[in-house]
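# Report on the structure
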Amino acid sequence: MDEYDEMYGIEDDFEQQFADELEVMAEMELEPPHPARVSGFRSKMPAPQTFEDAITSGDLASKTAGAAALSKTLGPSCDEEESLTPKAKKRKHDVAKKLHFDALQDDITPPSSPEVYGNSEGTRPGFTLSLSPDGPPVAMTASVLDISGLATLQESPKRVPTAVCRARKRPPATGDYITVTDSMGNRVYLSKKEDDDNKAPDPRFFRNSQNALGLLAVPIEVLKEQVADRRHRQLVEDSQRLTELLNRGVDPELLLDEVTEEEDGETADEGVCSRLWVDRFAPQHYIELLSDDFTNRCLLKWLKLWDMVVFGRERKPRPPAPEARPTAANAQNQNQAQRFKTKSQITEEILEAELDQYKRPKFKVALLSGPPGLGKTTLAHIIARHAGYNVVEINASDDRSAELFQKRIDTATQMQSVLGANEKPNCLVIDEIDGAPSAAIGVLLATLSRKDSREGEESAALLPICIFDRLPLLLVMPQRQGMKTDTGSLVALCEKTDNDIRACINTLQFLHGRGQKQLDQRVVSSVCVGLKDQNKGLFSLWQEIFQLPRLKRKRIGGDVFGALEEAGLKDGAQRLQHILHLASSNGEHEKLIQGLFDNFLAMKLKDPGLAGVCAGLDWLCFSDHVNECVLHGQNYSLMRYLPFLPAAFHFLFAANSVPRISYPNSHYEALTKTQHTKNAVVAMLAEIPPTIRSRVCQNNLCLEVLSLLLELICPKLRPVNPQLYSTREKQQLCELIDNMISYNLTYRQDRTPEGQYTYVLEPNVEDVVRFPGLPPRRQLTYQVKQLIARETELERMRRVERAQQNRNQRVETHSTGHSEVKRPEVKKPPARNHHHRLENIVKQAVVENKPELDFFGRAVIPKEKPAVNSATGEDAKLSGTLQIGKAVGKSDVWFRFNEGVSNAVRRSVYIRELL
Amino acid sequence: MSLWVDKYRPTSLAKLDYHKDQANQLRNLVQCGDFPHLLVYGPSGAGKKTRIMCVLRELYGAGVEKLRIEHQSVTAPSKKKIEINTIASNYHLEVNPGDAGNSDRVVIQELIKTVAQSQQIQSSTQREFKVVLLTEVDRLTKDAQHALRRTMEKYMATCRLVLCCNSTSKVIAPIRSRCLAVRVPLPSVEEVCSVLTGVCRKEGLLLPPELAKQIAEKSGRNLRRALLMCEACRVQQYPFSADQDIPETDWEVYLRETANAIVSQQSPQRLMEVRTRLYELLTHCIPPEIIIKGLVTELLGNCDGHLKAEVAQMAAYYEHRLQLGSKAIYHLEAFVAKFMAIYKKFMEDGLDNFMF
C-alpha cells in the first residue's frame, strides 16, 4: 500500500506525459472512471480488468471474461455485492485485493512503479500541496513529500475528502490561480479549484492517470468505498432536500396558526412522520385549552392563590411580576366575569375566601378527575407553567412505592431552596394517581398534613366538554394536513370516540396516514380504529342493561346521519348489538352476571305472570351450565355465548326509569359464610376419636347429628353446687361431659362487646345449625356452662393422665413381667403427714430389690442365695432398720434432703410443748 | 362413646337388627373366600357403614376395630400439597376422597396405589388382601372415578375396594360393573321401633310404643336420626310421655317455612326473600339436592293434584341442571320462580272459573 500512497504526492510532469488521461479524468468527475481502463495490458491481464469493470459498471453479466479463472469470476461478484452493501464481506474483499496485487507485482511496468517515481522526482523538482481536513499543513519542500493527508484519505476514505491543489509550471488557462515562489526561486502556479464535497475523491484519478497503460492503479477497495460513499451521500442529500421541501410546504400553514416559534422550529427539525398529531397540536397556552372554561379558571385561580406564599416570600424584590402575568392573560375573562356573576365567579370567590392563617388556600391539593382523553394532564401542565411554576411530574411510568414516592415529593418540595433565586418554584403534578398504591397515597397525605408545600395534584378531570368545543380544532387540523372533511363526519367521529379528543386526533392521523384525503361519514362509520376499547365500569354497564336508551335531543347540526343513528338505537337489533358489544368488551363476566342476578328482581317489572323472571333465571341456569363446560372441559369456544345473557336481560328487564343498582355481594357473603361453617365443622371433626370419626362425615354431621347433639348437651341441670347433685344428676352430668369430649366440644369464656361474659361453644358449631328467625333453643345458664366447662377441662386432664399412666404401666409391665406385684404400689396413696416419721420413711426408702433379669427379660435365679424378689413389706422394713440403725429412726429431729425444696428440716411439735 | 348411636352400634354381622338375610349373604360371601369389590349404597342412616364394618370384622377379626387417624399428604403433579385424613387399622384404610375437592383424582391415584401395591406381610395367617374403604363415592369427580377403574383391576390380588355412597347414579358405569352392588335399604318403621325399644331397655328406660312410632316416622326411618331424637327426648323429659314433642333439626323447620312463604305469595319481592333464605340454607352446608327435595315435598303437599305431576317434573328438570352447573342458587331460584309462575296461573284460572 505504501508505494501507492507515495504516488499521490508526486505530481510533477505527468500532466504532459498523460495529458489525454487527464482529460478523460476530468470527464470522470461526473461519471465512473471506466474509460480510463483502456490500455494495451488488457490482453495480458484479464483479471484486473474484470474486477475493474465489474465495479465500475456494476454489472457482472456484461463481463465476458470467459477465459478467466474461476476464482477470478468469483471475485467480482463479491465485489459487486460489496459496493452495494459496503460493510458486507471483508474476507472475500481481501482475497480480491491479493489477487490484484499479485497481478500488479508481476506485470506492472517500471514507469508506473513508485521507485521510478522516486527517481524522477529527484531530477525534476515538483511541489505538492496536500491539505488535511483539519488543518492545512502545506508541504512546500520539494524533496520531502508530505503524504499525511493522503494516507488519511486512503485509510478512511469516508472522511471529508482532502483538497489537493496541483502545482503547475504555467498559469492555468482557465480559472483562478495563486502564484507561489519557494526559497530557491522556483515559481509555481497553484490553480484554485472549488473543492466541493462531491468532487472530493480525486486521488483515484491520479491513480488512473498513472496507470495510463491500462493497469488498475487504485486499489479496488478504495474504488468501491468511494462508490458506496458517493451513493450514500447522494441518498442523504436527497432525503434532506425532500425534508426541507416538505417542511417548507408545511411551515406557512403552521405559522398561520397560533403555534409558537419554538414549536415551529421543533416541527421543522423533526420529521413529519415521527410525531403524533396529538402531540403536534397539543395546546401550548392557556387560551388554547379546549376543556371547560370554568374548570380551567378554577384551577388557575387556585394555583394563583399560592402566589402570595410562594412568590411573595421568595421573590420579594419583584412581587408584581407573578401578579402581572395572570391579569394580563385573563383580562378578557375578568371583564366577562365582572359583567356576569357566573358560577365560576362564585367559586373563585369561595376559593379566595377560604385562606388559612398563612394566606394559603384552604385546599392544599387539587384533584382532577374524568374519563381519559379529555386533556387533564395537558390542563395541569399548562396551568402550572402559566402560573410560573416548574412542573415536576410523577406518573404511572415511575415506580411508585411509598419510599420512592416520599423521595420524589421531598425532592420536589425541597429542591427549591437549593436552587438559585431565578429558578421557578416546583409544582408537583402526580399523574394517574388512581393506579398508585395506597401506601403512596398515605405518604402523600402525611406530607400534606405537615408541609406548607405547594403541590398540584392531578389524577383525572371532570370536564363536561361540549362537543362543539373541539370542532374548530378538528376542522383546522385536517385542512392543515390536506384532508377534506365536513362538520357532520367530524361530529360522528367525536361521537364514536366518546368525546375523547385524543382518540379523535389519533384516528384522524391514522386515516391521513393511510392516504385518505377525504373524510366523510361513511369512512368514519366504516373504520373501526376510532373505536377505542370501551371499557365501561360495571355500574354503567348494569345501568345500560337495565335502562332503555333515551331519545336523544335533536342536535343543532341536524345532520341526517345522527338522526338515523338515533332511530337505529331504538330498534332491537341495534340495541342487541350495543349490549353484546359492551358485555363482551367487559372482562369481568362473572361479576357482571352476579350483578344482574342480584339486581334484576328489584327492577320495576310489569310481570304479573312471572314469565319474565322465569326466563331470566333460565338464562342464568344456561349461562352457568356454559360456564361450567368452559371451565371444566376447557372448551373456550363456548365463551362467545356468555355475552348473550346480558342482552337477554336487557330485553327482559330494561325499563325507562333510572335503575337503582347495588353492588353484588350476596355471592361473596354466602361464600365466606359457607367457609366459616365448614371451618367450624372441620375443626370439630379434627379431634374426634377415630371410632366416632369413621361414622360421621361432614354431610350427615350438618344434616342430622349436630342439631340434635346440641339438644343433647343442654340437659336440665339444677343451678346448684354439683356436690349437691343426686346420683342420677351426677350421672347425667357425667354423660354430658363424656359426650362433649367425644365430640370435641367445650365451652369457652368470651366477652361480648357490651362487656358481658358468656360461654360459647368451641368450635362454634351453634352457628352451623341455627337459622335466623326460628324460635331460640333452650340455653343453659351461665353457671351451668361454667360448671360444664370446668368439668370438661378436668375430665380431659384426667383422661390424659390416665392414658399416660396406662402407657407407663404397660411399659413397666412389659419390662418386668411382674405386673401383679407392681400394681398395688402404683395405686398406693401418698403418705399422710403423720406418717412422715423417719421410721416410715426409712421403711419406704428401702431400695427394693428388683429381680435380676437376663437379656431376654427372664428372671435370673441366683444360685447361692434364696431369691429376694419374694421379699414382703415386713422383710423390707426389717432390712431397712437394720441398715440405718435404730438410733436414727427413734430421734425426734430429722431431715430429709429434698432437691429443690427448702423446707427440708421438720420437727414434730406437740401441743403440750406449746402450752 | 356415650351417645346411644355409638354405644349400641352392632359390631358383628350376627348382631345386626334388621335385613338379616342380607347379613347372612354377606357372611357367606366372606366365608367362601372369594371376596369381590363391593359397592354399598343406600340412603343415609340405613346402616351402610355399620354393615361394612361388620363385614370387615368378619374378614379380619377384632383387629379392625383398633382405628387410628393418619394424616397423609399427597403431592399433586402441580406440586400442590393435598392434606387428607384417613382412618386406618392394620387391615384396612378408610379414605374420603371427597375431602380433597377437585384434586381427588391425585388422592385416588397416589394414596390408593401405594396401599394397594404393598402386600400383606403374613399372608399365610391372614387374608392376602387389604381393604380400602372409600366413602362418599358419589362426590368423586369423573376424573377420579376413571382413575379408579384401572386400579381396581390391576391390584385385585392385594387389595379390595369397598365403595360407599348414597346413590349409584353418580358412579360411572365401569365402576358399577366392577363391583358387587349391595343396597342397604332403610329399616321399616317397625324395625326402627324395635331398635329404639331395645336401646331404651338396655339403658333401663321405658319407651312408650306410641312415642317410638312417632320418632320413627319423624326421623324418616333414618335410624341414626331416630336414635339421636330418642336420646334428645330423654334429655328433655325423662319419664317419657306418649305425646311429647320430638326435637327437630332446624334446617327442616326453616325449609318448611320457606315453602310456606312460596305458597303464600308469588311476586318478585317474595322471590327475593326466598333467595335470602335459600342462601341461608346453602351457607349452612345443606346440599342443594336436599334443599330442592325438601322444597318439593313441602310444596307438593300444598298444591292441587293437577299440578303435582308438573311440579315434580320441573323439580327433576332443575335438579338435573343443578348437577350440571356449579352455582346452585340460580337453579334453586329458577325452580322456585317456575313453581310460582305455575301456581299463580293455576290459582288465577281457578278464581276465574269460580267467578264466571
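The structure we're discussing is the one just above.
A short tour of the structure in this document, coming up. The shown structure was predicted, so the numbers you read here are calculated from the model rather than taken from an experiment.

### Re the pairing of strand S6 (residues 426-430) of chain A
Counting buried positions along S6 of chain A gives 5 out of 5 residues, so the element sits mostly inside the fold. With burial as the criterion, each face of S6 of chain A is covered, one bearing Asn426, Leu428 and Ile430 of chain A and the other bearing Cys427 and Val429 of chain A.

### Notes on the packing of aromatic side chains
Taken as a whole and assessed by the stated rule, the structure comprises 17 aromatic pairs over all chains. Measuring from ring centre to ring centre gives 5.8 Å for Trp619 of chain A and Phe622 of chain A, while their planes differ by 85°; the resulting arrangement is edge-to-face. In this pair, Trp619 of chain A and Phe622 of chain A both sit in helix H29 (residues 611-633), 3 residues apart, roughly one turn of the helix. Seen from their ring centres, Tyr317 of chain B and Tyr318 of chain B are 5.0 Å apart, and the 80° between their planes marks the pair as edge-to-face. Looking at Tyr317 of chain B, the relative accessible area reads 37%, which means it is partly exposed. Take Tyr318 of chain B: its relative accessible area is 2%, and that puts it in the buried class. Pairwise contacts between aromatic rings join Phe597, Phe600, Phe649 and Phe653 of chain A together with Tyr330 of chain B into one cluster. In this structure, Arg912 of chain A is placed above the aromatic ring of Tyr910 of chain A, and the distance from its NZ or CZ to the ring centre is 4.8 Å. Against the face of Phe597 of chain A rests Arg275 of chain B, its NZ or CZ located 3.8 Å from the ring centre.

### Points about empty space enclosed by the protein
Applying the stated criterion across every chain yields a total of 14 cavities of 30 Å³ or more. Volume-wise, the largest cavity comes out at about 110 Å³. What lines the largest cavity is Leu712, Pro715, Gln732, Glu735, Leu736 and Asn739 of chain A together with Trp4, Glu203, Glu231, Arg234 and Val235 of chain B. Contributing elements (two or more residues each) for the lining of the largest cavity: helix H34 (727-742) of chain A together with helix H9 (223-236) of chain B. Each residue belonging to the lining of the largest cavity can be placed in one class, and the counts come to 5 nonpolar, 2 polar and 4 charged.

### Let's talk about helix H13 (residues 305-324) of chain B
Compared with an ideal rise of 1.5 Å per residue, which puts 20 residues at 28 Å, H13 of chain B spans 30 Å between its outermost C-alpha atoms and is within 8% of the ideal. The complete set of buried residues in H13 of chain B reads Leu307, Val311, Met314, Ala315, Tyr318, Arg321 and Leu322 of chain B. Down the axis of H13 of chain B, the sector holding all buried residues measures 125°, keeping them to one side. With respect to the buried face of H13 of chain B, the exposed residues turned more than 90 degrees away are Gly305, Ala309 and Gln313 of chain B. Against the buried residues of H13 of chain B lie H29 of chain A together with helix H12 (288-302) and helix H14 (328-355) of chain B. The opening residue of H13 of chain B is Asp304 of chain B, an N-cap whose side-chain oxygen sits 3.0 Å from the backbone nitrogen of His306 of chain B.

### Regarding the interface of chain B and chain A
Across the contact, 70 residues belong to chain B and 64 residues belong to chain A. Together, Asp250, His284 and Tyr330 of chain B form the three largest contributors to the area buried by chain B at its contact with chain A, with a combined 12%. Where chain B meets chain A, there are 5 salt bridges. For the salt bridge of Arg770 of chain A with Asp250 of chain B, the shortest nitrogen-to-oxygen distance reads 3.1 Å. At the level of secondary structure, the elements contributing two or more residues to the side of chain B that touches chain A comprise helix H3 (48-60), strand S2 (68-75), strand S3 (81-88), H9, helix H10 (250-264), helix H11 (268-283), H13 and H14 of chain B. Taken together, the residues that form the side of chain B that touches chain A break down as 32 nonpolar, 16 polar and 22 charged.

### Quick word on unusual backbone geometry
Residues and elements named next belong to chain A. Across the junction of Glu762 and Pro763, the peptide omega takes the value -5°, indicating a cis bond. Phi is positive for Leu610, which is not a glycine, with a value near 60°. Along the polypeptide, Leu610 turns up in the loop between helix H28 (589-599) and H29. A relative accessible area of 1% places Leu610 in the buried class.

### A word on the packing of H28 of chain A against H29 of chain A
Residues and elements named next belong to chain A. At a closest axis distance of 11 Å, the pairing of H28 and H29 adopts a crossing angle of 160°. The angle between the axes of H28 and H29 places the two elements in the roughly antiparallel class. The chirality of how H28 crosses H29 is left-handed. The segment H28 lies against H29, with Glu590, Ile593 and Phe597 engaging Leu617, Leu620, Ser623 and Asn627. Its residues assigned to classes, the contact of H28 with H29 shows 4 nonpolar, 2 polar and 1 charged.

Each value, and the rule that gives it
Residues numbered from 1 in each chain as written. Chains lettered and ligands numbered in written order. Predicted model: local features only at pLDDT ≥ 70, side-chain atom pairs only at ≥ 80, totals over all residues. Heavy atoms only, no water. Buried < 20%, exposed > 50% of the residue type's maximum accessible area, 1.4 Å probe, protein only. Helix = DSSP H or I, 4+ residues; strand = E, 2+ residues; numbered from the N terminus. Phe/Tyr/Trp six-rings, centres within 6.5 Å; stacked < 30°, edge-to-face > 60°. Lys NZ or Arg CZ within 6 Å of the ring centre and 35° of its normal. 1 Å grid on protein atoms, 1.4 Å probe; cavity = no way out; pocket = protein on both sides within 12 Å on 5 of 7 lines; lining within 4 Å. Points joined across faces, edges and corners; volume = space filled by probe spheres on them. Nonpolar A, V, L, I, M, F, W, Y, C, P; charged D, E, K, R; others polar. Expected span 1.5 Å × (residues − 1). Arc of directions from axis to C-beta. Contact = heavy atoms within 4.5 Å. Polar contact = N/O pair within 3.5 Å; in protein donor to acceptor, adjacent residues only side chain to side chain. Buried area = accessible area lost by both parts, 1.4 Å probe. Salt bridge = Lys/Arg side-chain N within 4 Å of Asp/Glu carboxyl O. Axes fitted to C-alpha atoms, helices over the stretch in contact; angles between N-to-C directions. Parallel < 35°, antiparallel > 145°, perpendicular 65-115°, else oblique. Left-handed = near helix turned anticlockwise from the far one by under 90°.

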